[in-house]
Amino acid sequence: MKPSPKILVVFTATGKQGGSVINYVLNHPELSRQYKIRAVTRVPSKPAAQALQERGVEVVKADLFDKKSIDAALSGAHTVFANIATSFDESVYPKEMLQGKNLADAAVAAGVQYIIYSTLPHTREVSDGKHAHADAFNVKADIEGYIRSLPIKSAIFAPSMFYQDFYQMFFVPKRQDDGTFTIFSVVSPDSGIYCFDVVGDTGKFVGAILAEPDKFKGKTLCAGADFCTHEEIAEMISKATGKTVRYKQVSVDEFDHIIPSTHSRITADVMLFLEEHGYFGPEAKERVAWSTNHIHDKLTTFEEFLQKNPLHLE
Ligand SMILES: NC(=O)c1ccc[n+]([C@@H]2O[C@H](COP(=O)([O-])OP(=O)(O)OC[C@H]3O[C@@H](n4cnc5c(N)ncnc54)[C@H](OP(=O)(O)O)[C@@H]3O)[C@@H](O)[C@H]2O)c1
């Protein structure tokens, strides 16, 4: 008799990382036999959740602030993909810690075998207190520590900057009076950053863990498909769009003025942290190479991403 598929519960299923994991598993001949996906959303009637249902995915309603709903979502589950959305406000740390603990504790209580957790570096600890304010990063690292302390097997997925960040919000090239475009940030033009296609490629890392969970137990897969300087990023966008795109380094105050947002100062602090410490710490290059060598699919370069996803600058 064939073993019945293991239930894989995917949080943030209607979002970028969770959606990528679901796509990868559904399209993978082996993993789609081994795992039955249960997609979590707060709003099962939303189009993204309906689309999953139409592809045969079980969709359940749960909210990471609501313990009872998490217990129900995890009933009978074998593996969990645990990603938590950031709420950019003053209480980001306690809010996200509560969601992380709710999820991890419920997984242990439900007898879940394995958690794959999406993390970020601890900017305060890594920088010895210099970059202390990026609670949206620090809380993810602290939740990772909490999960590692629990009696449950786990592996960590560590995403770098999303290529998608250059299509929206802070880093989208801004039109100047002369018709050219500028990407503004606080780091030097020749400072490099790891980045990747969160939608296309998250599943490639998480899928490798799902295929060989024991091999990756306690390990971290760092997703960094491309390492580009900010100047190179501007050049690649210029080439892909046919528009003149430049990179301009500005002060934190200027950045806050150019991109007024409740979290532009924190974003600036994060970018300075990444410039000084890299995304994955002092052995970033080795960690990224190890991770890339342990997955089974080719990753998307930024140039390929720009070709596949035309960026319309207006
Ligand atoms: N931007 C970057 O460069 C970057 C780099 C590395 C890591 N990250 C991290 O990536 C994370 C976001 O991941 P993403 O981009 O994949 O997410 P996303 O596309 O923004 O989607 C967020 C998802 O979270 C779900 N959600 C929100 N609140 C929830 C709650 N209370 N309970 C259950 N589900 C909830 C939403 O689902 P429903 O609405 O359907 O419930 C939605 O699917 C952030 O925490 C960020 O820090 C970002």
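Right above here is the structure, for reference.
What counts and what doesn't
- Residues numbered from 1 in each chain as written.
- Predicted model: local features only at pLDDT ≥ 70, side-chain atom pairs only at ≥ 80, totals over all residues.
- Heavy atoms only, no water.
- Near = heavy atom within 4 Å.
- Polar contact = N/O pair within 3.5 Å; in protein donor to acceptor, adjacent residues only side chain to side chain.
- Areas by Shrake-Rupley, 256 points an atom, 1.4 Å probe, with all protein chains shown as cover.
- 1 Å grid on protein atoms, 1.4 Å probe; cavity = no way out; pocket = protein on both sides within 12 Å on 5 of 7 lines; lining within 4 Å.
- Sits in = over half its atoms within 2 Å of the grid points.
- Helix = DSSP H or I, 4+ residues; strand = E, 2+ residues; numbered from the N terminus.
- Nonpolar A, V, L, I, M, F, W, Y, C, P; charged D, E, K, R; others polar.
- Pairing = 2+ DSSP bridges.
- Axes fitted to C-alpha atoms, helices over the stretch in contact; angles between N-to-C directions.
- Core = buried A, V, L, I, M, F, W, Y, C linked by side-chain atoms within 4.5 Å.
- Buried < 20%, exposed > 50% of the residue type's maximum accessible area, 1.4 Å probe, protein only.
- Contact = heavy atoms within 4.5 Å.
- Points joined across faces, edges and corners; volume = space filled by probe spheres on them.

### Looking at the site of the ligand
Step number 1: What surrounds the ligand is a group of 24 residues, the closest being Thr14, Thr41, Arg42, Thr86 and Asp165.
Step number 2: Within the contact set of the ligand, an oxygen atom lies 2.8 Å away from a side-chain nitrogen or oxygen of Lys140.
Step number 3: One nitrogen or oxygen atom from the main chain of Phe162 is found 3.1 Å from an oxygen atom belonging to the ligand.
Step number 4: Relative to its unbound accessible surface of 950 Å², the ligand loses 84% to contact with the protein.
Step number 5: One can see that the ligand is located within the largest pocket.
Step number 6: Elements that contribute at least two residues to the shell around the ligand include exactly helix H1 (16-27) and strand S7 (161-162).
Step number 7: For the shell around the ligand, the per-class residue count stands at nine nonpolar, nine polar and six charged.

### Things to note about the sheet that holds strand S11 (residues 220-223)
Strand pairing in a sheet relies on backbone hydrogen bonds. The paired strands run either parallel or antiparallel.
Step number 1: Taken in spatial order, the seven strands of this open sheet run S3-S2-S1-S4-S5-S6-S11, and their pairing is parallel. On the outer flanks of this sheet lie strand S3 (58-61) and S11, each paired with one strand and no other. In this sheet, neighbouring strand axes are inclined to one another by 20° on average, regardless of whether the strands run parallel or antiparallel.
Step number 2: In the sheet, strand S6 (residues 153-159) pairs with S11 via four bridges, with the strands oriented parallel. Residue pairing in the sheet places Ile156 in a bridge with Thr220 of S11.

### Some thoughts on the nonpolar core
Step number 1: Counting 42 residues, the largest nonpolar core has Ile183, Ile237, Tyr279 and Phe302 as the members making the most contacts within it.
Step number 2: Residue assignment for this core shows that the elements contributing at least two residues are strand S9 (181-185), strand S10 (192-196), helix H10 (230-241), strand S13 (245-249), helix H12 (264-277), helix H13 (284-293) and helix H14 (302-308).
Step number 3: For this core, the element with the highest residue contribution is H12, accounting for five residues.
Step number 4: The contacts of Tyr279, once residues within four sequence positions are left out, are Leu120, Pro121, Phe137, Pro159, Ser160, Met161, Ile193, Tyr194 and Leu274.
Step number 5: Membership of the second largest hydrophobic core comes to 33 residues, among which are Val21, Ile22, Val25 and Ile37.

### Here's the deal with the pairing of strand S1 (residues 6-10)
Step number 1: Among the five residues that make up S1, four are buried, leaving the element largely enclosed by the rest of the structure.
Step number 2: Examined bridge by bridge, S1 and strand S4 (residues 79-82) share three bridges and lie parallel to one another. Across the sheet, the residue bridging to Val9 is Val80, located in S4.

### Topic: the layout of surface pockets
Step number 1: Of the pockets and cavities examined, the largest pocket occupies roughly 1,300 Å³.
Step number 2: Looking at the largest pocket, it is lined by 45 residues, and the ones nearest its centre are Ile84, Ala85, Thr86, Phe88 and Phe162.
Step number 3: The set of elements that each furnish at least two residues to the lining of the largest pocket consists of H1, strand S2 (35-41), helix H7 (135-149), S7 and H12.
Step number 4: A breakdown of the residues in the lining of the largest pocket according to their chemical character gives 24 nonpolar, 15 polar and six charged.
Step number 5: In this structure, the second largest pocket occupies an estimated 270 Å³ of space.
Step number 6: Along the wall of the second largest pocket there are 18 residues; nearest its centre are Leu120, Pro121, His122, Tyr279 and Arg287.
Step number 7: Where the lining of the second largest pocket is concerned, the elements lending two or more residues are H7, S6 and H12.
Step number 8: It is H7 that contributes the most residues to the lining of the second largest pocket, three residues altogether.

### Topic: the environment of Ile233
Step number 1: Relative to the helices and strands, Ile233 is located in helix H10.
Step number 2: With 108 residues separating them along the chain, Ile233 and Glu125 place their C-alpha atoms 29 Å apart.
Step number 3: Discounting chain neighbours no more than four positions away, the residues touching Ile233 are Phe166, Ile183, Ile193, Cys228 and Phe302.

### Here's the deal with unusual backbone geometry
Step number 1: Positive phi, normally seen in glycine, also occurs at Thr12, with a value near 55°.
Step number 2: Following the sequence through the fold, Thr12 ends up in the loop between S1 and H1.
Step number 3: Accessibility expressed as a relative area gives 22% for Thr12, which makes it partly exposed.
Step number 4: At Asp128, a position not held by glycine, the phi torsion is positive, near 55°.
Step number 5: Inspection of the secondary structure assignment puts Asp128 in the loop between helix H6 (123-126) and H7.

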